[in-house]
Every structure is written in C-alpha cells, then in structure tokens.
Amino acid sequence: MQNSPANRVPSHGTRLFATSHAIDFTPVDRDARSAPITLAALFRPQPPDRFVGFGRAILAPVSGTVHAAHDGEPDHAAFRGFPSIGYAVTQAGRVRAGWLGLAGNHVVIERLGVFVALCHLRCGSVGVHPGQRVVPGDVIGGCGNSGNSTEPHLHVQAMDGPDPGRAAAVPISFPGGLPRNGTVVSG
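Below: a short report on this structure. (Residues numbered from 1 in each chain as written. Predicted model: local features only at pLDDT ≥ 70, side-chain atom pairs only at ≥ 80, totals over all residues. Heavy atoms only, no water.)

1. A look at the overall build of the protein chain
Turning to step 1, where the next piece is worked out: Looking only at helices and strands, the protein chain has four helices and 10 strands in total.
Turning to step 2, where the next piece is worked out: Along the protein chain, helices (α) and strands (β) appear in the sequence β-β-α-β-β-α-α-α-β-β-β-β-β-β when read from the amino end.
Turning to step 3, where the next piece is worked out: Residue pairs in contact within the protein chain that sit at least 24 positions apart in sequence constitute 71% of those at least 6 positions apart.
Turning to step 4, where the next piece is worked out: Looking at the protein chain as shown, the accessible area adds up to about 9300 Å², and 57% of this sits on carbon and sulfur atoms. (Helix = DSSP H or I, 4+ residues; strand = E, 2+ residues; numbered from the N terminus. Contact = heavy atoms within 4.5 Å. Areas by Shrake-Rupley, 256 points an atom, 1.4 Å probe, with all protein chains shown as cover.)

Written as structure tokens, this is what we have:
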C-alpha cells in the first residue's frame, strides 16, 4: 500500500472533522500502481473494480469496541486525470453533507478513549456492529470507494472523541515511525 499524506499536518489540508493527522492507504500492485494507467482514465471516470484494492479485506488495526458502523453508501466511479478536476468542484457539497458525505461507509473503533475511524469501505462489506469487540486482524469490511474518495483506498484517522465534528485529531503512530508520504509499505 502507498500512504499519503502522512508526513504533513494538516494531512488533508484541513482540520475539519478531526482529519489533520489522517492517513490514506491506497493498495498498489508490484509496480506501485493502484490501477492500469490508460488514456481512457485521463478522460473518463473508471469503475472502482479496475483498482487492485477494491474489495480487499480491511482489518482492525487496534483492539477495542466498535463504536459506530455504517454501510449502504454506494461505491462511485474513480476519478483520475481530467475527471478529478470535475470531482474536486463538487467537494463543497460533500463537506456540507458532513461526516457521512466525507467518510462514506465506515467503522469507528474505540480503544482507551481514542476513536479510530476506517473510512471509504465498500458498500455491503461492513461486517461488524456497534458494541462488538475486535482485535487486530479481524476483518471489519472491504476497501471501497464510498464518500469523499477519488479511488479505492482506506482513510484512517484517530480522534479524542466519537463525534468527528467536535473531536480533535490524535496523531497516528507505527512501530518504527511514521512512513513518509508516498512510501509503499507492506502489511
């Protein structure tokens, strides 16, 4: 997976919805590509199933209790090249829709007062429910392209409260340190 934009804060260019320390993980192939690069992809949105990560199992990164689980938002086309410009123009509408418009299908796991959100899950894939205990490695859903997503990937963020509209972001850490932006990591 390739991570982005881990080493800049605010990572997504904003502190809204506790996203300032969020990390996106985009599954890639051996050539570090999320999908074949074609001339068509520069001019037309692409089906999400053309991307290597679409449907890939998403595992719980921490042990804890599922605080929230939302499913049912559709996976939309992926936008690269010129279509991404048109998609960017519609960003304000997704922000006005609030957390659900941005996160799409998601799971939030609470561990010791920290709430870890896993977003953009594949429609119909969320396999956990609020109150359920999870441990690292439990499948919680599949990689999708729901919510504010230009291509299938996993958005991960940690917060000090359950309401992203009121919570503050919590930095995410990894054994060995935070991978730099664009680094391909194996897990």
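2. Details of the nonpolar core
Turning to step 1, where the next piece is worked out: Grouped together as the largest cluster of nonpolar side chains are 19 residues, with contacts concentrated most on V107, L118, L121, V128, I140 and V156.
Turning to step 2, where the next piece is worked out: Counting only elements with at least two residues in this core, the list comes to β2 (23–26), β5 (105–111), β6 (114–121) and β9 (154–159).
Turning to step 3, where the next piece is worked out: Ignoring any residue separated from it by four or fewer positions in sequence, one finds V128 in contact with V66, A69, V107, V134, V139 and I140.
Turning to step 4, where the next piece is worked out: Residues W99, A103, A117 and A167 belong to the second largest nonpolar core, which totals eight residues. (Core = buried A, V, L, I, M, F, W, Y, C linked by side-chain atoms within 4.5 Å. Buried < 20%, exposed > 50% of the residue type's maximum accessible area, 1.4 Å probe, protein only.)

3. Side note on the pattern of salt bridges
Turning to step 1, where the next piece is worked out: Applying the stated criterion across every chain, the model contains two salt bridges.
Turning to step 2, where the next piece is worked out: The salt bridge partner of R33 is D31, with a shortest N-O separation of 3.3 Å.
Turning to step 3, where the next piece is worked out: For R33, a relative accessible area of 36% translates into the label partly exposed.
Turning to step 4, where the next piece is worked out: We note a salt bridge from D163 to R166, for which the minimum N-O separation is 3.9 Å.
Turning to step 5, where the next piece is worked out: D163 gets classed as partly exposed once you look at its relative accessible area, which sits at 37%.
Turning to step 6, where the next piece is worked out: Exposure remark for R166: the relative accessible area of 75% places this residue in the exposed category. (Salt bridge = Lys/Arg side-chain N within 4 Å of Asp/Glu carboxyl O.)

4. Some details on the side chain of Q46
Turning to step 1, where the next piece is worked out: Following the sequence through the fold, Q46 ends up in the loop between α1 (39–43) and β3 (57–59).
Turning to step 2, where the next piece is worked out: With a relative accessible area of 7%, Q46 lands in the buried category.
Turning to step 3, where the next piece is worked out: A distance of 2.9 Å separates a polar side-chain atom of Q46 from the backbone oxygen of R44.
Turning to step 4, where the next piece is worked out: Other than its neighbours up to four places away in sequence, Q46 contacts A40, A41, F51, A77 and A78. (Polar contact = N/O pair within 3.5 Å; in protein donor to acceptor, adjacent residues only side chain to side chain.)

5. Remarks on the side chain of H155
Turning to step 1, where the next piece is worked out: Within the element layout of this structure, H155 appears in strand β9.
Turning to step 2, where the next piece is worked out: H155 gets classed as buried once you look at its relative accessible area, which sits at 7%.
Turning to step 3, where the next piece is worked out: A distance of 3.0 Å separates the side chain of H155 from the side chain of D24, its partner in a polar contact.
Turning to step 4, where the next piece is worked out: A polar contact of 2.7 Å, which involves the side chain of H155, links it to the side chain of Q157.

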